[in-house]
Amino acid sequence: MSSKTTVGLVFFPAFDWAISPDHPEREERLLYTRDQILEEGLFDLPEIEEYRPQIASLQDIERAHICVPSAQEVITESHLIAAGGTMTAGELVLSGKTKRAFALLRPPGHHAMRVVHGSRGFCTINIEAVLIEYLRKLHGGKFRCAIVDTDAHHADGTQDIYYNDPDILHISIHQDGRTLYPGTGAMDELGGPGAYGTLINLPLPPGSGDAELLYATEQLVLPLLQDFKPDLIINAAGQDNHFTDPLTNMNITAQGYARMTELLSPDVVVLEGGYSIEGALPYVNVGIILALAGLDYTGVIEPELPQKLIDNQGRLREEVVSNVGYLQEVWSRRKEKDLDLVFGDKEYVQRKRRIYYDTDNISEHQSEEIKRCPSCSGCRRVYSIAERHYGRLVKIGAVLIPWHACRNCRHEAEEAYQQLTTEEGLDHIYLHDPEGKQGDEG
Amino acid sequence: MSYLVGIDVGGTNTNAVLLKNDVVLATAKAATDHKHLHLGTMQAIASVLKFVPDSVDKPIELHLSTTLATNAVVEGKGAPTAAVIIPGPGLRWEELGLAFKLFPVKGYIDHRGREQAPLDHNQLEEVLAEIKQSGFEAVAVIGKFSPRNLQHELEVEELVTRKFPELLPVTLGHRLSGRLNFPRRITTAVLNASIAKIQAKFVSMVQEVKDRYNLGRIYLLKADGGGIDMKVSITRPIETILSGPAASLMATMALVEEIGDAVVLDIGGTTTEISLFYRGEPLTERDGAEIAGFATLVPALFSRSLGLGGDSAVNYDGHKVSIGPWREGPPVALGGPRVTPTDAVVALGAANIGDQERAIQALKEMGACYEIDPIIMAKKIVTAFSLKAAEAINEIYISLNSRPVYTVSQVMAGENLKPDRLIGMGGPAAYFIPKIAEQMGLPFTVLPYHEAANAIGAAASRPTVATTLRADTALGKLVVPELDYVANIPRPLLFNLEAARREAIAKTITYAEQMGTLFEPSEIEVTEEEVFNMVRGFHMVGKNYTLTTQVKPQVRRIKKHRDEMGEDSE
Ligand SMILES: [Zn+2]
Ligand SMILES: [Zn+2]
């Protein structure tokens with residue numbers, strides 16, 4: 001391996017896997033990207049080295065998720081490879097083999113939440129979370145990470161997993177949820193009582209382009225990262241914010257994406273969505289790779305780039321400027337915030353949510369109780385009822401112990417789990433304990 | 001009865017073998033004359049042709065392996081060549097780091113082969129005028145994605161023909177390879193153009209030899225171990241690079257009974273060349289040959305060079321013996337400055353080379369301050385040599401087994417290339433191969449040194465050709481770049497994988513025919529095949545097919561005249 005290698009590319013297009021033949025998440029999705037990368041000769045460049053993805057184990061998956069009924073039942077092999085390839089990318093960087101790494105693979109994962117009954121938003125397994133939980137386990141929990149999710153859709157899955165986790169800063173920049181699936185990701189979603197302010201959502205108005213993305217990167221993301229000082233920065237690089245994407249209404253270009261990558265200089269980039277498979281992905285991905293490698297990306301121009309976007313360059317939406325200002329303010333004052341005003345003054349915070357799995361047509365009702373603990377981020381109890389379209393109900397109960405749980409919370413969680421074992425009407429019960437054994441099923 | 005002559009034009013000698021069917025009838029050698037390569041060739045041919053009975057009136061086929069192209073590239077003797085490139089958007093051509101004179105022209109073909117911007121003919125004409133004026137003697141033309149759409153490259157050729165005929169012939173990138181890799185295609189085309197005249201001159205000289213001895217077809221050995229008709233090689237000389245290593249592997253295939261999954265070590269003075277077989281077939285390079293630091297798209301047999309040979313310099317620091325990667329001179333036993341693995345073998349009495357006393361003395365000095373007996377020292381060196389070779393082999397297999405693959409089924413299956421035997425050749429092989437084999441727990445075969453081995457390899461080769469077919473039913477277009485073939489798909493809905501295979505095989509046959517060899521469809525195989533449904537807006541709009549097709553690689557099995565087959569471990 002050359003000492004000049006700066007980018008490890010874990011490229012896995014899964015040419016034999018699709019959700020269904022005409023689904024956007026199909027065999028063809030990364031074909032033209034592959035062709036563009038090959039024709040540009042990127043694998044021959046001394047700065048770039050290609051790596052084969054490893055296959056994640058079920059244990060790797062269960063570190064990040066509570067799969068119902070089990071990881072084995074909800075995933076396919078493609079998920080193990082996508083998650084494994086993301087782990088490979090992280091390993092490359094942490095081992096120092098490469099300076100940065102790009103998990104350019106599918107299927108994506110950022111809509112997959114902690115509890116997984118099936119696939120939603122084309123995602124089953126949250127590949128970023130699998131990587132992060134793997135690295136945390138490796139470092140005995142002494143590992144802080146930032147995820148910057150630039151997919152056009154709100155990263156509601158990643159947000160859910162790290163909702164109450166103070167060691168993970170999750171920033172999602174997406175098309176305003178009032179105009180796009182999954183609908184969440186408003187600015188007032190700032191995390192749970194144990195991690196308030198470590199979830200940041202910046203919704204962009206439809207039509208936003210490079211100017212808005214780069215402004216947000218420079219004015220919001222970079223200062224937050226500097227402040228948070230993570231051990232690893234992950235960019236969940238969805239490309240459906242491209243001006244040619246069929247599912248969204250954004251105006252990002254390959255140049256804008258590459259510039260954003262250059263500014264952010266993430267350690268690990270993970271492909272998320274992006275369904276303009278001919279007009280966007282070949283160019284955006286080449287732009288990202290070149291930017292990561294420190295090479296000149298200014299020649300990467302889409303054939304369909306409309307004059308309008310070139311003319312509009314630099315014109316910035318006021319709304320974005322004021323939202324960025326608001327979030328800067330939230331961030332800088334997050335530690336002084338009176339959380340009673342946000343979560344009430346009870347010892348346990350209650351949440352009730354309905355989660356829809358569009359891909360698998362499942363309706364989930366989730367109720368949750370988070371302990372507000374002064375010594376740790378607090379243990380949680382979750383009940384989830386999933387209804388599949390043919391009507392069968394699955395009810396589970398789970399207890400979640402956080403990383404660095406205090407003795408009280410650990411004790412309380414273990415008692416709560418004991419109580420679950422005796423509870424009537426639960427199909428499955430789970431104890432999620434990142435520092436100990438996990439995935440016990442009743 | 002069929003007679004065939006194999007010739008290897010080597011650095012020092014030109015060797016010839018005469019085959020009668022599969023038996024070596026005669027061998028001969030002559031000194032290689034580097035200024036007039038055909039002279040040694042002629043002399044060697046004359047010596048073996050004496051053994052052909054007068055009753056034979058059928059013209060005799062000649063297979064030639066020559067270092068001509070390799071040397072021209074390695075020594076940079078090619079003609080000054082200008083590369084007209086049509087890079088379009090993407091990685092900037094200035095960033096490619098290619099040491100050629102590149103002349104970019106505007107025009108843009110995208111990944112599906114659609115023209116996104118026409119070729120700028122005014123700019124092209126200016127560029128060609130400049131090239132002509134600057135005194136370039138050869139021109140290569142390479143467009144990004146040209147294998148998907150040949151049009152722009154053909155337009156350049158057309159303009160050169162019309163207005164700058166003195167720049168002809170031009171090398172067009174798409175004709176040399178249908179694989180996607182713009183920088184490698186540039187390199188391949190430029191090198192090809194630069195050595196075309198040297199090749200043409202050589203061919204015309206060999207033509208004289210042919211006429212004089214009334215020879216039949218003449219084939220030149222290629223880097224992939226196949227042959228190319230000599231006349232055709234004038235337009236594709238780059239394919240004949242690295243024919244030396246190919247000849248030696250072809251000889252191995254021709255002479256060894258069961259190759260299986262062998263790893264072949266050719267141990268020389270400075271380096272060991274490592275090649276692999278899988279199910280009896282030699283492994284090929286994934287992208288193409290690399291030569292003198294140039295990455296090309298030339299199909300080539302897989303080979304890795306290890307800085308470990310009989311004359312490698314040996315070091316001992318009291319704990320560890322290190323060998324190579326450099327050579328500082330001949331073995332001490334032959335008056336060299338420094339202990340080499342050969343000295344160790346000589347000291348152990350396993351080879352009779354030079355002065356054994358001197359070898360032992362040198363080993364004694366090496367081990368003196370650590371109080372190590374020279375014979376123990378010699379054994380340490382032999383062990384270190386075997387270990388280093390075994391480790392290198394291991395690493396090659398690990399890296400091959402971790403090569404990226406792009407389907408779920410391939411990842412889940414894993415790769416499981418592993419060697420099942422060791423085949424050795426080269427001077428030091430007889431002693432080291434058994435040790436390396438022991439280290440790796442493998443059976444082994446050592447091929448005895450045979451002066452005419454590479455000539456046998458050349459004689460054993462068969463003509464090969466390969467083509468790439470790209471069919472895009474949504475665009476209704478079918479392209480076979482190597483052949484300049486572009487067609488509309490008349491009824492896209494009826495075009496399927498079967499039709500694509502039929503068409504690809506037919507095109508390979510046509511192409512081989514153009515190159516002077518007739519093949520049956522049964523002799524053609526599809527080596528790579530990709531089919532993708534193309535869905536736009538939830539509707540299937542077509543499929544795209546990419547197929548690589550080639551003449552099935554074959555080797556003439558050869559029985560060596562009166563020689564035994566080599567010594568086997570079992
Ligand atoms: Zn998305
Ligand atoms: Zn606690």
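Residues numbered from 1 in each chain as written. Chains lettered and ligands numbered in written order. Predicted model: local features only at pLDDT ≥ 70, side-chain atom pairs only at ≥ 80, totals over all residues. Heavy atoms only, no water.

Draft legend 1. Fine view of the coordination of the zinc ion (ligand 1). All names here are of chain A. Distances from the zinc ion (ligand 1) to its protein donors, Asp151 (OD), Asp151 (OD), His153 (ND1) and Asp240 (OD), fall at 1.9 to 2.8 Å. Of note is the zinc ion (ligand 1), whose four donor atoms meet at the metal with angles of 52 to 153° in an arrangement that counts as irregular. For the zinc ion (ligand 1), the donor residues sit on a single chain with the sequence spacing D-x1-H-x86-D. Under the relative-accessibility criterion, aspartate 151 is labelled buried at 0%. (Donors = N, O, S within 2.8 Å, 3.2 Å for Na, K, Ca; no water. Tetrahedral: all angles 85-135°; square planar, octahedral: opposite > 155°, others 65-115°. Buried < 20%, exposed > 50% of the residue type's maximum accessible area, 1.4 Å probe, protein only.)

Draft legend 2. Highlighting the domain arrangement of chain B. According to the domain assignment, chain B contains domain 1 (259-439) and domain 2 (466-551). Summarising the inter-unit geometry, the C-alpha centres of domain 1 of chain B and domain 2 of chain B are found 43 Å apart. (Domains from an automatic or database assignment.)

Draft legend 3. Region of interest: unusual backbone geometry. Here arginine 106 of chain A and proline 107 of chain A are connected by a cis peptide whose omega angle stands at 0°. Residue leucine 168 of chain B is joined to proline 169 of chain B through a cis peptide bond whose omega torsion reads -5°. If you trace the backbone, proline 169 of chain B turns up in the loop between helix 4 (151-163) and strand 10 (170-172). Here the phi dihedral of alanine 292 of chain B falls at roughly 50°; this positive angle occurs in a residue that is not glycine. Within the element layout of this structure, alanine 292 of chain B appears in the loop between strand 16 (290-291) and strand 17 (294-295). (Helix = DSSP H or I, 4+ residues; strand = E, 2+ residues; numbered from the N terminus.)

Draft legend 4. Broad picture of the domain arrangement of chain A. Residue and element names in this part refer to chain A. In terms of domains, chain A is made up of domain 1 (7-335) and domain 2 (348-441). Contact with domain 1, which involves 34 residues of that partner, is made by 35 residues of domain 2. Regarding the contact of domain 1 and domain 2, the summed buried area is about 2,700 Å², with carbon and sulfur atoms giving 57% of it. The three residues of domain 1 that bury the most area against domain 2 are Ile66, His117 and Tyr163, which together make up 22% of that side's buried surface. One salt bridge connects arginine 351 with aspartate 160, and the closest N-O pair in it is separated by 3.8 Å. Counting every contact that joins domain 1 to domain 2 gives 20 residue pairs in polar contact (both at pLDDT 80 or more). (Contact = heavy atoms within 4.5 Å. Buried area = accessible area lost by both parts, 1.4 Å probe. Salt bridge = Lys/Arg side-chain N within 4 Å of Asp/Glu carboxyl O. Polar contact = N/O pair within 3.5 Å; in protein donor to acceptor, adjacent residues only side chain to side chain.)

Draft legend 5. Representation of the coordination of the zinc ion (ligand 2) in the model. All names here are of chain A. For the zinc ion (ligand 2), the full set of protein donor atoms is Cys373 (SG), Cys376 (SG), Cys406 (SG) and Cys409 (SG), at a range of 2.2 to 2.3 Å. Note that the zinc ion (ligand 2) binds four donor atoms; their angles at the metal cover 98 to 120°, and the shape is tetrahedral. Positions of the donor residues of the zinc ion (ligand 2) along the chain correspond to the pattern C-x2-C-x29-C-x2-C. The two residues cysteine 406 and cysteine 409 agree in class, both being buried.

Draft legend 6. Highlighting the packing of aromatic side chains. This model, assessed by the stated rule, comprises 11 aromatic pairs over all chains. Aromatic side chains phenylalanine 122 of chain A and tyrosine 275 of chain A sit 5.2 Å apart centroid to centroid with 85° between the ring planes, which places their arrangement in the edge-to-face category. You can see phenylalanine 122 of chain A sitting in the loop between strand 5 (115-116) and helix 5 (127-138) and its partner tyrosine 275 of chain A sitting in the loop between strand 10 (268-271) and helix 9 (281-292), a full 153 residues away along the chain. Note on phenylalanine 122 of chain A: relative accessible area 16%, which makes it buried. An angle of 90° between the planes, with centres 6.1 Å apart, marks the rings of tyrosine 196 of chain A and phenylalanine 343 of chain A as edge-to-face. You can see tyrosine 196 of chain A sitting in the loop between strand 7 (168-175) and strand 8 (199-204) and its partner phenylalanine 343 of chain A sitting in helix 12 (residues 339-343), a full 147 residues away along the chain. Side by side, tyrosine 196 of chain A and phenylalanine 343 of chain A carry an identical accessibility label, which is buried. Members of the aromatic cluster, connected to one another through ring pairs, are Phe11 and Phe15 of chain A together with Tyr406 and Phe532 of chain B. Positioned above the aromatic ring of phenylalanine 228 of chain A, the side-chain terminus of arginine 144 of chain A is 4.0 Å from the ring centre. Over the aromatic face of tyrosine 163 of chain A sits the side chain of arginine 351 of chain A, whose NZ or CZ is 3.6 Å from the ring centroid. (Phe/Tyr/Trp six-rings, centres within 6.5 Å; stacked < 30°, edge-to-face > 60°. Lys NZ or Arg CZ within 6 Å of the ring centre and 35° of its normal.)

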